[in-house]
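Summary of the model geometry
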Amino acid sequence: MNLPSRVRLVDVGPRDGLQNEKQAVPAAVKVELVRRLQAAGLQEIEVTSFVSPKWVPQMADNAEVMHGLRRPHGAPRDVRYSVLVPNMKGMEAALTAPREAWPDEVVVFGSASEAFSQRNINCSIAESIERFAPVVALALEQGLAVRGAMSCTVGCPYEGEVAPERVAMLAGLMKGIGVQRVDVADTIGVGTPLKVQRAIEATLAHYDIDDISGHFHDTYGQALANTCAALEMGVWNFQSSVAGLGGCPYAKGATGNVATEDVVYLLHGMGIETGIDLDALVDVGVYISAVLGREPVSRVSKAVRAKRAV
Ligand code: HMG
Ligand code: MG
């Protein structure tokens, strides 16, 4: 296997993780979660989304979260905050704040399946690209980075299996409007290694391997295997969620992202650098899970804590 020596992880817990929580999570807790993730070594964090509060009430405090964030002082490297933005209304809201409360990266999010596009953002794939185009243009003009999340790249809760050609089509559309890098997302965690590799292969028709990230939900327990399959192809950017938080409210039955703790343990065990302190990360997962009143959904977290207790 030709493995990368270093992997960059985006923790999407504060956004993908918390967006699905029914109970109110105060903005101060979200800000503290981000602070603790930074302290554990995360350099990229998806902090919130500028979507309709009627659709996703949990993210209605987006402005408060952005204002509360504090970049680490004296940290050896910078931290990058990303936010989801579905349309110009969201983009304008994200840029209303003073510059220090702006995100570093804007994430437009489309789907390789028509049905999921309709359910998630209430428009067709073609319409979504029309909505994203001015968002991307404005972000680039303002010096912000732009990422594109591609949902349902292997399976859709409404359409079943998704063909790689659909993924290539979406990646081409994203490229066409200036999206700089894309996430190959298994939204409902149904993918297995070869299917995920086919989705990545399809994306390679439009993006370099350095600009492709893996975003795997762990519903069927395949996310670590899928991570290895992506690593084998040279992917070195991944998204994961501390304590395995999360799920999409418009993807019924889908559970959280693969736990960041599990991915970090896997990578370190393979001699791949992440810059993340696993022990500190386990504590972050315990912190947010305690707030939510449950155990972290991470085998590694459980094992580390069991070992500590001995
Ligand atoms: P719509 O209803 O078609 O929008 O929703 P609209 O333009 O017709 O506007 C309707 C109302 O929403 C209006 O308010 C607008 O002002 C307001 P009203 O006049 O009724 O009071 N509105 C907004 N408010 C705040 N911010 C905005 C905004 N836009 C319109 N940006 C829309 C379309 C996209 C807004 C809606 O469908 C939506 O917000 N969807 C959110 C979907 C979402 O957040 N899903 C979860 C994230 S995606 C995900 O988790 C997958 C990912 O992790 C990758 C993977 O795993 O696959 C990324
Ligand atoms: Mg997701």
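Whatever comes next refers back to the structure up there.
Residues numbered from 1 in each chain as written. Chains lettered and ligands numbered in written order. Predicted model: local features only at pLDDT ≥ 70, side-chain atom pairs only at ≥ 80, totals over all residues. Heavy atoms only, no water.

Further remarks concern the site of ligand 1. Surrounding ligand 1, one finds 26 residues, the nearest of these being Gln 19, Lys 54, Asn 122, Ser 151 and Thr 187. Ser 52 places a polar main-chain atom, nitrogen or oxygen, 2.9 Å from an oxygen atom of ligand 1. Separating an oxygen atom of ligand 1 from a side-chain N or O atom of Thr 187 is a distance of 2.5 Å. Burial of ligand 1 by the protein amounts to 75% of the accessible area it has alone, namely 1,100 Å². Taken atom by atom, the bulk of ligand 1 overlaps the largest pocket. (Near = heavy atom within 4 Å. Polar contact = N/O pair within 3.5 Å; in protein donor to acceptor, adjacent residues only side chain to side chain. Areas by Shrake-Rupley, 256 points an atom, 1.4 Å probe, with all protein chains shown as cover. 1 Å grid on protein atoms, 1.4 Å probe; cavity = no way out; pocket = protein on both sides within 12 Å on 5 of 7 lines; lining within 4 Å. Sits in = over half its atoms within 2 Å of the grid points.)

On to the pattern of salt bridges. Close approach of charged atoms lets side chains of opposite charge pair. According to the stated counting rule, one finds 18 salt bridges in the structure shown. Between Arg 80 and Glu 105 there is a salt bridge whose closest N-O contact spans 3.2 Å. Here the residue Arg 80 occupies a position in strand β3 (residues 80-84), and Glu 105 occupies one in strand β4 (residues 105-111), the gap between them amounting to 25 residues. On the basis of relative accessible area, Arg 80 is assigned to the partly exposed category, the value being 29%. In this structure Glu 105 comes out as buried when scored by relative accessible area, which is 0%. Linking Asp 183 and Arg 147 is a salt bridge whose minimum nitrogen-to-oxygen distance equals 2.7 Å. (Salt bridge = Lys/Arg side-chain N within 4 Å of Asp/Glu carboxyl O. Helix = DSSP H or I, 4+ residues; strand = E, 2+ residues; numbered from the N terminus. Buried < 20%, exposed > 50% of the residue type's maximum accessible area, 1.4 Å probe, protein only.)

Right, let's get into empty space enclosed by the protein. What the rule picks out here adds up to 1 cavity of 30 Å³ or more. Counted as a void, the largest cavity has a volume near 100 Å³. The wall of the largest cavity is formed by 13 residues, among which Val 7, Arg 8, Gln 43, Thr 274 and Gly 275 lie closest to the centre. Within the lining of the largest cavity, the residues separate by chemical class into 4 nonpolar, 4 polar and 5 charged. (Points joined across faces, edges and corners; volume = space filled by probe spheres on them. Nonpolar A, V, L, I, M, F, W, Y, C, P; charged D, E, K, R; others polar.)

Limitation: the analysis is restricted to geometry and does not speak to function.
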